[in-house]
Amino acid sequence: GDSVTQTEGPVTVSESESLIINCTYSATSIAYPNLFWYVRYPGEGLQLLLKVITAGQKGSSRGFEATYNKETTSFHLQKASVQESDSAVYYCALGDTGYQNFYFGKGTSLTVIP
Amino acid sequence: ETAVFQTPNYHVTQVGNEVSFNCKQTLGHDTMYWYKQDSKKLLKIMFSYNNKQLIVNETVPRRFSPQSSDKAHLNLRIKSVEPEDSAVYLCASNRDWGAEQYFGPGTRLTVL
């Protein structure tokens, strides 16, 4: 079936360290999967961090980046140097273009220590 | 302020009761959605509503029904709640199919 698996949290890193949150997906019923990273900051709703709809392409936003790798069915989220303000819950997601089939991972809670 | 608003934030009720959750978006979007996030944190689509066209996830029990008065509102009604309905319900909207979705803060339902 369709599913998303991501790094189990919580994850704690120190400010200015690098970060990688792993995400792998299975898309058996979605012909052309779109891949997303969403973020929920404390006290706020889910918001889109980045989206990539074409295999091989890289998305980036707020210093984060992720590459859509169709061969390894992965979409890992990376940042070279995290900040305390990056503390949030990050969700990897998989969907079709019309959002009729849309799957989130379980979320990874990130805490950045100053 | 333009966003997606949900009320209530929390609701506790007993098995068999009826509940209704409200969702309003002030973004001028044409499509709205309801998602259920269960205890395992998986987010699953329940309904999407666009220009009076309702698309229902076939796995959603019939006790759930969306209610819309206009394109800015999509409420969720649960006719007779069951324990497995305990979850966070998220409302979202977007401009059209495939566009970026904006989510509300969610309504946490606890069924005793």
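For the structure, check the block above.
Below or above, wherever it landed, is the structure these notes cover. (Residues numbered from 1 in each chain as written. Chains lettered and ligands numbered in written order. Predicted model: local features only at pLDDT ≥ 70, side-chain atom pairs only at ≥ 80, totals over all residues. Heavy atoms only, no water.)

## Quick notes on the overall build of chain B
Secondary structure assignment for chain B yields 0 helices and 11 strands. Walking chain B from its N terminus toward its C terminus, one meets helices and strands in the order β-β-β-β-β-β-β-β-β-β-β. Principal-axis analysis of the C-alpha atoms places the extent of chain B at approximately 35 × 30 × 25 Å. Classification of the 112 residues of chain B by burial places 45% in the buried group. In chain B, of all internal contacts separated by at least 6 residues, the share reaching a separation of at least 24 is 56%. (Helix = DSSP H or I, 4+ residues; strand = E, 2+ residues; numbered from the N terminus. Buried < 20%, exposed > 50% of the residue type's maximum accessible area, 1.4 Å probe, protein only. Contact = heavy atoms within 4.5 Å.)

## Description of the sheet that holds strand S7 (residues 58-61) of chain A
All names here are of chain A. Judged by pairing direction, the sheet is antiparallel, and its 4 strands sit side by side in the order S3-S9-S8-S7 without closing on themselves. Where the open sheet ends on each side, the last strands, each with one partner, are strand S3 (19-21) and S7. The sheet shows a mean angle of 20° between the axes of neighbouring strands, taken without regard to direction. Relative to strand S8 (residues 64-67), S7 is paired through 4 bridges, and the arrangement is antiparallel. By the bridge assignment, Gly59 is partnered in S8 with Ala66. (Pairing = 2+ DSSP bridges. Axes fitted to C-alpha atoms, helices over the stretch in contact; angles between N-to-C directions.)

## Topic: the environment of Asp85 of chain B
All names here are of chain B. On the secondary structure map, Asp85 appears in the loop between strand S8 (75-78) and strand S9 (87-94). Put simply, Asp85 and Leu109 are 24 residues apart on the chain and 7.4 Å apart in space, counted from C-alpha to C-alpha. A polar atom in the side chain of Asp85 sits 2.8 Å from the backbone nitrogen of Glu82. (Polar contact = N/O pair within 3.5 Å; in protein donor to acceptor, adjacent residues only side chain to side chain.)

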